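This is what each chain is made of:
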Amino acid sequence: MSPVDSNRGWWPLIRESFAGAWQQNVEVKVESVLSFHAVFACQTLIASDIAKLRIKLVEMDANGIWNEVKKAAYSPVLRKPNGYQNRIQFFESWVLSKLQFGNTYVLKQRDGRGVVVALHILDPKRVKPLIADNGDVFYQLDTDLLVGLTEASVVVPAREIIHDRFNCMFHPLVGLSPIFANGLAATQGLNIQNNSALFFKNGSMPGGVLLAPGHISDETAARLKESWETKFSGDNRGKIAVLGDGLKYEVMTSKATDSQLVEQLKWSAEVVCSTYHVPPYKIGIGHQPTYNNVQALNTEYYSQCLQVHIESIELCLDEGLGTGETLGTEFDLDNLLRMDSGTQMDVLEKSKGKLTPNEQRKRLNLSPVEGGDTVYMQEQDHSLAWLARRDAQPIEQPTPEPDDPEPEGEIAEAELADAAKTILEAEFKEMAPLLALPKPKRAA
């Protein structure tokens, strides 16, 4: 097997922090760069913001909705990754290793069933990726007593390592830290701070030269230099000097205002922020945005800086733990994208018809109430369940009416008239013989 730093020549033999650094004898040390305030602030800000998010185990239901669940094979290791780190410390180490070295190596610890019961963050300087002749990937691990590696060198297959890498510019298995881009700016900032510290240590008195009107011997120059440093440096700085024989003192070091020290230091810090994609105001550089919208600022910070790290961790955990397609891990972003109280209540008010009252109360960390599991619309509307039952009922078709319907009153009068006519005709037939008899005569 071959180490990846010599594989296919993707990784240069001479690693420079910038073009020409090796020829100019400029060395960027990671340990020194980490002490620059902007580098330290950016790394700790990103690591702490991600570590404070709660990791959830979620499962997709039949409707394609991801809901939080608990599984005996995954939940314990997500809640407590190992015996010496809690969840926040574990993910802080994960992110810091990635930002400082470009790589995070996590060793899986399994039980007799093959279930992952612990996760250990390895020292990147003690891990080396290897590639076999057939293309399989292995990792060489050096001694690390904290994680139980007692042997001098152990080679494990890639399935036992979770490898999260960043900025793979030279090789797919070798991540690159942002220090590769901001190391020179951080070194410049450190030099500015060191120069400023020496300047103020000397009582804000810049260095200078003593000028003689004519030629002086080396012995005389050495004597004047020693006398001057003894009388007017250290605790004696700021005292009045009386010069004779035409001697003249001139300042040699430029002043802070002339060299634009503050502007140069600010520029160095802004360059560092740009490589981490952190808004400068987040670490105290520059001015806070004037508009008062915390949610919009956090959303921008999340999308430009944190999202790629968060989703990378989620994906690495899913693949490393073997959760499958319907089960996975997810960070709870509510703490990161938390709104101010006024905006939060306004959003919950507008969520009526989409969230149940109990779901709204859950976002406020309140217990559920009876009858709060039904989604309601506004007061003048009906519940979605009632509308669904109404729409499920069959629709009755109307009966067609006759062309010239007769009013019920007119039909009753016509029937009565026919019946009366029939009765009169029958009575007339019975009385007709009587009407035909001769009339009796009157008595005389």
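A brief structural summary.

Calculation notes
- Residues numbered from 1 in each chain as written.
- Predicted model: local features only at pLDDT ≥ 70, side-chain atom pairs only at ≥ 80, totals over all residues.
- Heavy atoms only, no water.
- Patch = residues over 30% accessible without salt bridge, like charges linked within 9 Å, V, L, I, M, F, W, Y side chains within 5 Å.
- Areas by Shrake-Rupley, 256 points an atom, 1.4 Å probe, with all protein chains shown as cover.
- Salt bridge = Lys/Arg side-chain N within 4 Å of Asp/Glu carboxyl O.
- Helix = DSSP H or I, 4+ residues; strand = E, 2+ residues; numbered from the N terminus.
- Pairing = 2+ DSSP bridges.
- Axes fitted to C-alpha atoms, helices over the stretch in contact; angles between N-to-C directions.
- Contact = heavy atoms within 4.5 Å.
- Parallel < 35°, antiparallel > 145°, perpendicular 65-115°, else oblique.
- Left-handed = near helix turned anticlockwise from the far one by under 90°.
- Nonpolar A, V, L, I, M, F, W, Y, C, P; charged D, E, K, R; others polar.
- Buried < 20%, exposed > 50% of the residue type's maximum accessible area, 1.4 Å probe, protein only.
- Phe/Tyr/Trp six-rings, centres within 6.5 Å; stacked < 30°, edge-to-face > 60°.
- Expected span 1.5 Å × (residues − 1).
- Bend = angle between axes of the 7 residues up to and from the residue.
- Polar contact = N/O pair within 3.5 Å; in protein donor to acceptor, adjacent residues only side chain to side chain.

1. A closer look at a nonpolar patch on the surface
For step 1, the next point in the chain: Together, Met345, Leu364 and Leu366 make up an exposed nonpolar region whose accessible area comes to about 250 Å².
For step 2, the next point in the chain: Within the secondary structure, Leu364 is located in the loop between helix H10 (357-363) and helix H11 (384-392).

2. A word on the sheet that holds strand E4 (residues 103-110)
For step 1, the next point in the chain: Spatially, the three strands line up as an open sheet ordered E5-E4-E9, and their pairing is antiparallel. Among the strands making up the open sheet, the edge pair consists of strand E5 (116-121) and strand E9 (161-165). Neighbouring strand axes in the sheet, compared pairwise and without regard to direction, differ in orientation by 20 degrees on average.
For step 2, the next point in the chain: Relative to E9, E4 is paired through five bridges, and the arrangement is antiparallel. Within the sheet, the bridge partner assigned to Tyr105 lies in E9 and is His163.
For step 3, the next point in the chain: Set on the sheet, helix H4 (residues 87-101) makes contact with E4, E5 and E9; between it and E4 the angle comes to about 140 degrees.
For step 4, the next point in the chain: Contacting E4, E5 and E9, helix H8 (residues 294-321) crosses the sheet at an angle of about 160 degrees to E9.

3. Some details on the packing of H4 against H8
For step 1, the next point in the chain: Here H4 crosses H8 at 115 degrees, and the two axes come no closer than 12 Å. With respect to their mutual orientation, H4 and H8 come out roughly perpendicular. The interaxial crossing formed by H4 with H8 has right-handed handedness. Two secondary-structure elements touch here, H4 through Phe91, Trp94, Val95, Lys98 and Leu99 and H8 through His309, Ser312, Ile313, Cys316 and Leu317.
For step 2, the next point in the chain: Here the residues of the contact of H4 with H8 sort into seven nonpolar, two polar and one charged.

4. Some remarks on the pairing of strand E12 (residues 327-331)
For step 1, the next point in the chain: Among the five residues that make up E12, four are buried, leaving the element largely enclosed by the rest of the structure.
For step 2, the next point in the chain: Bridging between strand E2 (residues 55-60) and E12 involves five bridges; their strand directions are antiparallel. Considered in E12, the bridge of Lys56 is made with Glu330.

5. Topic: the packing of aromatic side chains
For step 1, the next point in the chain: Inspection of the entire model under this criterion finds six aromatic pairs.
For step 2, the next point in the chain: Relative to Phe331, the ring of Phe91 lies with its centre 5.3 Å away and its plane at 70 degrees, an arrangement referred to as edge-to-face. Placement of Phe91 in helix H4 and of Phe331 in strand E12 is noted, with a sequence separation of 240 residues between them. In this pair, the class of Phe91 matches that of Phe331, namely buried.
For step 3, the next point in the chain: The structure contains a cluster of three or more aromatic residues connected by ring pairs, namely Phe90, Phe91, Trp94 and Phe331.

6. Quick look at H8
For step 1, the next point in the chain: Given a rise of 1.5 Å per residue, 28 residues ought to cover 40 Å, yet the end C-alpha atoms of H8 are separated by just 36 Å, more than 12% below that figure.
For step 2, the next point in the chain: Along H8, the largest kink reaches about 65 degrees and is centred on Leu306.

7. As for the pattern of salt bridges
For step 1, the next point in the chain: The final tally for this structure, using the stated rule, is ten salt bridges.
For step 2, the next point in the chain: Its salt-bridge partner being Glu330, residue Lys56 comes within 3.7 Å of it at the nearest N-O pair. Here the residue Lys56 occupies a position in strand E2, and Glu330 occupies one in strand E12, the gap between them amounting to 274 residues.
For step 3, the next point in the chain: Between Lys98 and Asp164 there is a salt bridge, and its shortest N-O distance comes to 3.3 Å. Of this pair, Lys98 sits in helix H4 while Asp164 sits in strand E9, and the two are 66 residues apart along the sequence.
For step 4, the next point in the chain: By relative accessible area, which is 4% here, Lys98 ends up buried.
For step 5, the next point in the chain: Look at the salt bridges and you will find they share partners, linking Arg54, Glu68 and Asp332 into a network.

8. A look at the side chain of His163
For step 1, the next point in the chain: Within the fold, His163 resides in strand E9.
For step 2, the next point in the chain: Residue His163 is classed as buried on the basis of its relative accessible area, which comes to 9%.
For step 3, the next point in the chain: Reaching out from His163, the side chain makes a polar contact with the side chain of Asn103 at a distance of 2.9 Å.
For step 4, the next point in the chain: A polar atom in the side chain of His163 sits 3.1 Å from the side chain of Arg165.
For step 5, the next point in the chain: Beyond its immediate chain neighbours, meaning those up to four positions away, His163 contacts Asn103, Thr104, Tyr105, Tyr139, Leu173 and Cys316.

Function-wise, these values are silent; they only describe arrangement.
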